[in-house]
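Each chain is listed here by its residues.
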Amino acid sequence: MTAPTKPLPNSPAPGDAPEPAGESLHRPVIAWFDTHARDLPWRHEDAGPWGVMVSEFMLQQTPVSRVLPVYEQWLARWPRPADLAKEAPGEAVRAWGRLGYPRRALRLHGAAVAITERHGGDVPRQHAQLLALPGIGEYTAAAVASFAYGQRHAVLDTNVRRVFARAVTGVQYPPNATTAAERKLARALLPEEEETASRWAAASMELGALVCTAKNESCERCPIAALCAWRTAGKPAHEGPARRGQTYAGTDRQVRGKLLAVLREAVTPVPQTVLDRVWDEPVQRARALDGLVADGLVEPLPDGLYRLPLT
């Protein structure tokens, strides 16, 4: 049975409708998760804390379908943090492939080095120790502590924030950036029992990914549709600041990706002339290359040569 939660704050939902009690949300959402959760490799017991951490880095702003093959290859090559720590950081960037946002690869490599040096090669259990690792923010620390070690933490990703915004707050979308009010609500909704809290974190995230999606939500399949403040209010349209769209074509991100693709495929340093062929506009191309160098993703060498970083 789910433990009771702390009293919830007053709801800002339209009409000042009272918020549903946390327990009334926990049971149906967790029961739904028990039946409908996807069979993902980082949810298997043999994935271990390192597998969970790798998945959390890869899944940031990247769909599961793109992560799965890279994740499997990564764990086959580097089954423990120490295995990755032995490699040059450029190898992490190379193996990252086309997942996007490749600085995550450098951060994961840095975390692996720190885990090896500070924690004997084992992903630490304590939230504070996780948070102290390079490249680990509040979300990732909470996610690893919860999903790998079954601890009680508020895990707020985009999917969870959207579920809470609709079901409890009564609005279509959460703010563009996580607010103090959202963190307070997430803590108030946490079950007291650690095991239940960990299950709730995973279940509410899965609900947002599969049912309470950003577009074309499937309320008829939602286990808490009858309790949803947004649905009860008639699904009022979003009235907050415009939601940020993700553009790619023609951006510096696209140019950076093309430059990195050449360097990932190369076994020796690449001359500037080869990189110049990937994008016709010289100013944007130079800006993108300079950005890669500044971010530590590309290492410049004498005589106009470039390579993935070795240190």
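No experiment lies behind these values; they were computed from the predicted model shown.

Participant: Mind showing me how you'd approach the environment of Ala154 here?
Facilitator: Mapped onto the elements of the fold, Ala154 is located in the loop between α8 (138–149) and α9 (158–169). Note on Ala154: relative accessible area 25%, which makes it partly exposed. Linking Ala154 and Pro134, residues 20 residues apart in sequence, is a C-alpha distance of 21 Å. Excluding anything up to four places from it in sequence, Ala154 contacts Ala142, Ala186, Arg187 and Leu190.

Participant: In this structure, what is going on with the pattern of salt bridges? I would like to understand it.
Facilitator: Should the charged atoms of two oppositely charged side chains come close, the side chains can pair. Summed over the entire model, instances satisfying the criterion amount to 16 salt bridges. Of the charged contacts, one joins Arg77 and Glu87 as a salt bridge, the two residues approaching to 3.5 Å between their closest N and O atoms. Here Glu87 lies in the loop between α4 (81–85) and α5 (89–96) and Arg77 lies in helix α3 (residues 64–77), a separation of ten residues in the sequence. Glu87 sits in the partly exposed class, given a relative accessible area of 27%. Across the pair Arg103 and Asp295 runs a salt bridge, and its minimum N-O distance is 3.7 Å. Of this pair, Arg103 sits in helix α6 (residues 103–118) while Asp295 sits in the loop between α15 (282–294) and β2 (299–301), placing them 192 residues apart in sequence. Judged by relative accessible area, Arg103 falls into the partly exposed class, the value being 38%. Judged by relative accessible area, Asp295 falls into the partly exposed class, the value being 26%. Residues joined in a network through salt bridges with shared partners are Arg77, Glu87, Glu91 and Arg94.

Participant: Explain the packing of aromatic side chains to me, please; I cannot follow it from the model alone.
Facilitator: Two measures describe an aromatic ring pair: the distance that separates the ring centres and the angle between the ring planes. Within this structure, the stated rule accounts for four aromatic pairs. Aromatic side chains Phe164 and Trp200 sit 5.9 Å apart centroid to centroid with 15° between the ring planes, which places their arrangement in the stacked category. Of the two residues, Phe164 sits in helix α9 while Trp200 sits in helix α11 (residues 194–210), which places them 36 residues apart along the sequence. An aromatic cluster of three or more residues is present, and its members are Trp74, Trp78 and Trp96.

Participant: Please clarify how a positive patch on the surface should be interpreted in this entry.
Facilitator: A cluster of basic residues, Arg66, Arg98, Arg253 and Lys258, forms a positive patch at the surface. Locating Arg98 in the fold gives a position in the loop between α5 and α6.

Participant: Mind showing me how you'd approach the side chain of Arg162 here?
Facilitator: For Arg162, the position within the fold is in helix α9. Buried within the structure, Arg162 lacks any salt-bridge partner; Asp157 is the closest side chain of opposite charge, at an N-O distance of 7.4 Å. Among the polar contacts listed, one links the side chain of Arg162 to the backbone oxygen of Gly208, at a separation of 2.9 Å. Arg162 has contacts with Gln172, Tyr173, Pro174, Gly208, Cys212, Thr213 and Ala214, leaving out every residue within four places of it along the chain.

Scoring rules and cut-offs
Residues numbered from 1 in each chain as written. Predicted model: local features only at pLDDT ≥ 70, side-chain atom pairs only at ≥ 80, totals over all residues. Heavy atoms only, no water. Helix = DSSP H or I, 4+ residues; strand = E, 2+ residues; numbered from the N terminus. Buried < 20%, exposed > 50% of the residue type's maximum accessible area, 1.4 Å probe, protein only. Contact = heavy atoms within 4.5 Å. Salt bridge = Lys/Arg side-chain N within 4 Å of Asp/Glu carboxyl O. Phe/Tyr/Trp six-rings, centres within 6.5 Å; stacked < 30°, edge-to-face > 60°. Patch = residues over 30% accessible without salt bridge, like charges linked within 9 Å, V, L, I, M, F, W, Y side chains within 5 Å. Areas by Shrake-Rupley, 256 points an atom, 1.4 Å probe, with all protein chains shown as cover. Lys, Arg positive; Asp, Glu negative; His and termini not counted. Charge placed at Lys NZ, Arg CZ, Asp CG, Glu CD. Polar contact = N/O pair within 3.5 Å; in protein donor to acceptor, adjacent residues only side chain to side chain.

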